[in-house]
Amino acid sequence: MQVEKRSIDFIPEAERHGHPGSLFFIWFGANMNITTIASGVLPVVLGLNLLWSAVALLLGSLIGALFMASHSAQGPKLGIPQMIQSRAQFGVLGAILPLLFVMLIYLGFFVSNTLLAAQAIAAVSPLPGSANLYLIGALCFVVALYGYRLIHRLQKLLSLLSLLVFLVATLLALALPVPAGQWSATGFELPKFLAALSIAVTWQLSYAPYVADYSRYLPSATSSARVFWYSYAGTVAGGTWMMILGAILSVAIGGFADNVGGHLAALFGPAAIALFVFIVYGQVAINVFNLYGAFMSSVTVIEPFARLRVTPRVRGLFLLVISLVATALCSLGQDDFIGFFLNFIFFMSYFLIPWTAINLVDFYCLRKGVYCVQDIFDADGRYGRVNWLACGSFVLAIALEVPFMNTTLYTGPVATALEGVDLAWLVGLLVPALAYYGLMKARGTAEPTLAPPS
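As the structure is a prediction and not an experimental result, all values here were calculated from the model.

Visitor: Explain the overall build of the protein chain here, please?
Guide: Each helix and strand counted, the protein chain has 20 helices and 0 strands in total. At 21 Å, the protein chain has a C-alpha radius of gyration in line with the 22 Å of a compact globule built from 454 residues. Overall, the C-alpha framework of the protein chain stretches about 65 × 55 × 40 Å when taken along its three principal axes. Burial statistics for the protein chain: of 454 residues in total, 59% are counted as buried. The long-range fraction of contacts in the protein chain, counting pairs at least 24 apart against all pairs at least 6 apart in sequence, stands at 87%.

Take a look at the structure:
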C-alpha cells in the first residue's frame, strides 16, 4: 500500500477510477459510528419526545443532504478538492477566510470522535484515560497517512460490518422499554423542533467541505446525477438510522449520554469486548476524514504563499502536526461532552451554511459548472487574489445571523422575541445566496474559455 501522491492538485484523467456506487458505501459508512448516535441524543436532551425527535432528524437529514450531495457532484467535473474550489468564489487568497473556519470544524469533530472512543473503552482498557486519547490519535495518524484508497477500502468494510452490528443494536434497542407517551404526537414545541431539525441539517452539511475530495477521483464523464444520488442515499440512510437509534437509546437507558459507546457495547452482553474494538475502528475511520480534510485545508492555505511539493514525507509531517494539535485539544470537552457537542453543532451551522450557499450558487447558478482549473491555482488568474463580493457576503451573513442565534452560550434578541426559535440557519442560507448572486450578476461573471488540465 503506497502513500497517496496527490494532495490539492488536479487529478488527471489517466488517474481517475472507480464507480459512483462506491460513494454510497463511503457516506453510509461515514455515518455509522457513535458520534452520529450522539447527535441523535441531542433532540432528547433539548426536550423532544421520540416521535418529534425522529421526525426532526429525518426531515433535517433529507434537507441537509441535498446540499452535501450537490457538493459531491462537483468532484468528477472539476477534479480538485472541495475547499480549493472555493477559490473560484472567494479568490485565491480570499478562500483562506472560510478555510480557517472549516479547519476548526475538522478539529472539533476529531475532538468529539476521539473523546467518545476513549470514553467507551475506558472501562476495558488497561491504560489511563489520557493514554487512551493518545492511542486513538496515533491510530488515526497512521491510517490517514495512507490516503484516499485505504480510506475507501476501510469505509466499504466499515459499511458492511456496521450494517450487521447496528442492525442487531437496533433490534435490541427496540426491545427496551421506554416511558409512555414517547411515540405520541403530543408535546410538540416549535423552538425545540427547529433546533433538532437544525442539528440534523448541520450534521449532513458538515461533510460538505470535503465531500468532493472523494468524488474527484471518478472519471470526468461520470454522471453528475448518479454521483448526487449515491452520495445522498448513503448519507441519509446511515445518518438518519444512527441518529434515531441514538434518540431511542437515550430514552431507554438512563445516563446513556454520559457514555454513549460504553452503553451501546453493554447491549451486546458477552460480546461487548468485540463491540469496543468495533467502536474504536469506526471512530478511527471517521477521524481519518477529518485529518485528511485538515491536511488539504492546510496545504490550500499555505500554497499561495509558498509552492509546496507535497512528498510523502511532507504529507506525513503535516498529518503528524495536525494529529498532535487535535489530540491535545481533546481536553476541552472531557468534563461535559454533550454540552460541548451541542454548542459545536450550532457553531458549525453558523459558518458552514453561508459558505455552502455561496459555493453552490456560484457553481450551479452563475458559472453552470464551467471553471478554469488552471486559474484556481494562480493568484493572478481570472479569479483574482480576493473576491470582496464573496467575502463580504460571507461576513455579512454571519453578522446578520447573530441576533437569530439560540445556544446555551448566547441567545440573540430576535431568538428571544421568537420564544427561542433559532432562524440563524435560514438567514445564513438566504442572505449570502441572494447577496452574492445579485452582486456577481451586477458585476458580470465571465465564463472561462480554457479547458481543465489533462
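And the narrative resumes.
Visitor: Sorry, what's going on with the environment of C330 here?
Guide: Tracing the backbone shows C330 in the loop between α15 (312–328) and α16 (337–366). A relative accessible area of 0% means that C330 is categorised as buried. Along the chain, C330 and G181 lie 149 residues apart, while their C-alpha atoms are 38 Å from each other. Look past the residues within four positions of C330 in its chain and what remains in contact with it is V111, T114, L115 and L133.

Visitor: Would you mind going over the packing of helix α10 (residues 190–205) against α16 with me for this structure?
Guide: Two quantities define a packed helix pair, namely the angle between the axes and the distance from one axis to the other. The geometry of α10 relative to α16 is characterised by a closest axis approach of 9 Å and an angle of 65 degrees between their N-to-C directions. Where α10 crosses over α16, the two elements pack in a sense that is left-handed. Residues A195, S198, I199, T202, W203 and L205 of α10 pack against F341, L342, I345, F346, M348, S349, L352, I353 and T356 of α16.

Visitor: Before we go on, may I ask you to explain the packing of aromatic side chains in this structure?
Guide: Here a ring pair, both rings aromatic, is described through the centre-centre distance and the interplanar angle of the planes. Summed over the entire model, instances satisfying the criterion amount to 28 aromatic pairs. For the pair F340 and F344, a centre-to-centre distance of 6.2 Å together with 5 degrees between the ring planes defines the contact as stacked. Placement of both F340 and F344 in helix α16 is noted, with a separation of 4 residues, approximately one turn of the helix. By relative accessible area, which is 22% here, F340 ends up partly exposed. By relative accessible area, F344 is classed as buried at 7%. Joined through ring pairs, the aromatic side chains of W27, Y106, F109, W203, Y207, Y210, Y214, F340 and F344 make up one cluster.

Visitor: Even after reading the chapter, I still don't get the side chain of T35, so can you show me in this structure?
Guide: Relative to the assigned elements, T35 resides in helix α2 (residues 34–46). Given the relative accessible area of 0%, T35 is considered buried. Ignoring sequence-local partners within four residues, the contact set of T35 consists of S112, N113, L116, W203, Q283 and F341.

So, how was this worked out
Residues numbered from 1 in each chain as written. Predicted model: local features only at pLDDT ≥ 70, side-chain atom pairs only at ≥ 80, totals over all residues. Heavy atoms only, no water. Helix = DSSP H or I, 4+ residues; strand = E, 2+ residues; numbered from the N terminus. Rg over C-alpha atoms; globule rule 2.2 N^0.38 Å. Buried < 20%, exposed > 50% of the residue type's maximum accessible area, 1.4 Å probe, protein only. Contact = heavy atoms within 4.5 Å. Axes fitted to C-alpha atoms, helices over the stretch in contact; angles between N-to-C directions. Left-handed = near helix turned anticlockwise from the far one by under 90°. Phe/Tyr/Trp six-rings, centres within 6.5 Å; stacked < 30°, edge-to-face > 60°.

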